[in-house]
Amino acid sequence: MLPQAARQRVEKIAGQVLRREPGLSRADYFGPNVRVGMGAAPHILIGDKSEIRLLAPAGQDPLEYRIALLARDGDLVVLAAERNRAYEGYLRDLLELNDLNVLRIPPPESGLPRPSAYRCLEDNAIFNRLLDIVRQDDCVTLLSFISTGLVWKLAKRLSDRSGRTVLVAGPPPNLTQRVNDKLWFAEIVKTVLGASATPPVYSAFGPAALVGRVRKLAKKWEKLVIKVPDSAGSAGNFPLYTDTIKDLSAKDLYRYLFDTVSEIHQQDAYPLMVEVWDCNVLASPSVQLWIPDKEDGDPVIEGIYDQTTAGPGGKFVGATSARLDPEHDKQVCAEALTLGLLFQNLGYFGRCSFDAVLAGVDRESAQLHWIECNGRWGGVSLPMTFLNRIFSVETMPDYVIWQHSDLDFPAMPFTEALTRLDSGLYKAGSDPEGIIFTSPTGIETGTGLQMIALGWNEKEAMNLANRAYRCLTDSSER
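Conventions we followed
- Residues numbered from 1 in each chain as written.
- Predicted model: local features only at pLDDT ≥ 70, side-chain atom pairs only at ≥ 80, totals over all residues.
- Heavy atoms only, no water.
- Buried < 20%, exposed > 50% of the residue type's maximum accessible area, 1.4 Å probe, protein only.
- Helix = DSSP H or I, 4+ residues; strand = E, 2+ residues; numbered from the N terminus.
- Pairing = 2+ DSSP bridges.
- Core = buried A, V, L, I, M, F, W, Y, C linked by side-chain atoms within 4.5 Å.
- Contact = heavy atoms within 4.5 Å.
- Phe/Tyr/Trp six-rings, centres within 6.5 Å; stacked < 30°, edge-to-face > 60°.
- Lys NZ or Arg CZ within 6 Å of the ring centre and 35° of its normal.

Chemist: Help me understand the pairing of strand β19 (residues 449–455), please; the structure alone is not making it clear to me.
Modeler: If a strand is regular, its side chains alternate between the two faces of the sheet. In terms of burial, β19 is largely enclosed, as seven of its seven residues are buried. A two-sided burial pattern is seen for β19, the buried positions comprising Leu449, Met451, Ala453 and Gly455 on one face and Gln450, Ile452 and Leu454 on the other. Bridge analysis of strand β17 (residues 398–404) against β19 gives seven bridges, and the strand direction is antiparallel. Across the sheet, residue isoleucine 401 finds its bridge partner in β19, namely isoleucine 452. Bridge analysis of strand β18 (residues 434–437) against β19 gives four bridges, and the strand direction is antiparallel. In the strand pairing of β19, glycine 434 is matched with leucine 454.

Chemist: Explain the nonpolar core to me, please; I cannot follow it from the model alone.
Modeler: Taken as a class, soluble globular proteins show a tendency for nonpolar side chains to be buried jointly. Judged by nonpolar contacts, the single largest core of 62 residues is most densely connected at Tyr90, Leu91, Ile435, Ile436 and Phe437. Broken down by element, the residue count for this core peaks at six residues, all from helix α14 (residues 458–473). Residues within four places of phenylalanine 437 in sequence aside, it is in contact with Tyr87, Tyr90, Phe414, Ala417, Leu418, Leu421, Leu425, Ile443, Gln450, Met451 and Leu472. Judged by nonpolar contacts, the second largest core, of 37 residues, contains Val189, Leu289, Ala322 and Leu341.

Chemist: How should I be thinking about the packing of aromatic side chains in this particular structure?
Modeler: The way to describe two aromatic rings as a pair is by their centre distance and the angle between their planes. One pass over the structure, following the stated rule, counts 19 aromatic pairs. With centroids separated by 5.3 Å and ring planes inclined at 40 degrees, the aromatic side chains of phenylalanine 30 and tryptophan 152 adopt a geometry described as tilted. Of this pair, phenylalanine 30 sits in the loop between α1 (4–20) and β1 (34–36) while tryptophan 152 sits in helix α5 (residues 149–162), and the two are 122 residues apart along the sequence. Residue classification places tryptophan 152 among the buried residues on the basis of a relative accessible area of 0%. With centroids separated by 5.7 Å and ring planes inclined at 55 degrees, the aromatic side chains of phenylalanine 391 and tyrosine 426 adopt a geometry described as tilted. On the criterion of sequence distance, the pair formed by phenylalanine 391 in the loop between α11 (381–390) and β17 and tyrosine 426 in the loop between α12 (414–421) and β18 is long-range, its members being 35 residues apart. Accessibility assignment for this pair places phenylalanine 391 and tyrosine 426 in one class, buried. Linked through ring pairs, Trp184, Phe185, Phe343, Tyr348, Phe354 and Trp370 together constitute an aromatic cluster. For lysine 49, the ring lying beneath its charged end belongs to phenylalanine 145, and the centroid distance is 5.5 Å.

Dropping the structure here:
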């Protein structure tokens, strides 16, 4: 619970932001029967995230099936990826979830792949299938991985054609765009929490500004990162080790950046973000929140996780429960709730997470820096929400989230993966121990493993995950 003075300050800042951007939280232009919220049932679940810059096109995302973990009886799962009947059977038979009701969006007959919401709007057969569902109930919820303008447009058309109320379980589209913009988020954090609450962050609105900023920072810092502000999951991160660039001329640095940053030659690439990369990272807490309507109470922290990253760009590959010392745990919670309360006052609704790093030579001197906001569902919130659904607080086991998407091993049918693990799989009604697969696609392409490992403690859960990894990827273990 935040002190009253802190609440009043947050409300004041939110008012200033809304006066500066009056259309930020508006949703009224989608009609009187379309608004933010979440009804009891049914839900239309859309797992496509292809509208996020640099992520996989619709139908090519190996993680799209994760949205099915949220499905309940009567819900519809919209998929652009190929259906995997074996995985759907696994969810039904081993995890004892309801039969999935799936609407598969076929690939376009010609042209480039389009986002799922776009295809739902443009394909009459697909739209009419959704319309039939909406007409069967007084109120339907669209729950999308990210609540973009296309999702809201789909909600409006469904409402207009049916006369029913359609809720969107996410923020209005302008606010969605803003909170997922790393430059905007950094300015909000500094306004609310102070200039030291982020690492040094700068914007570059063109090639000359980018070169100038990088040259200046390279003389002082060990590592920098250029980020595409509206990308996600490290796809738009381009790390720079300054030892290799600090003595380059402006012309040579431009050439180097041109070769390194794939976005630099695109006309719509700017602004880009230049950030000092925190070294000596002691922890990478990710705070998972649910932000309800203001009338329903304050934002709720549902979990704090320590993210596991890999590679120079910090690609997310998994998470475990955070183990912060009491002082930093208190700080993380207080600052995340402050940001969540600000978002709520801006009109935000739904799932949200804030990523940070705790960096320093030791915990006593470590600084907490907020890095980005994920104003959408994600690699932690989907498994977390699923586990909260199938376990109570009293029966919740320790667990490890795995999301490795850049592997290389012999592809196999999903059924073969089930056979190989067999007794190592978690089964509904059994002891809370074993592996839960969150997507089948990486296994069938030999490129990734997406799973949750449950154990009596975190060490056991990690051991189970490592054994599953070896069993599925190392031929000597088979």
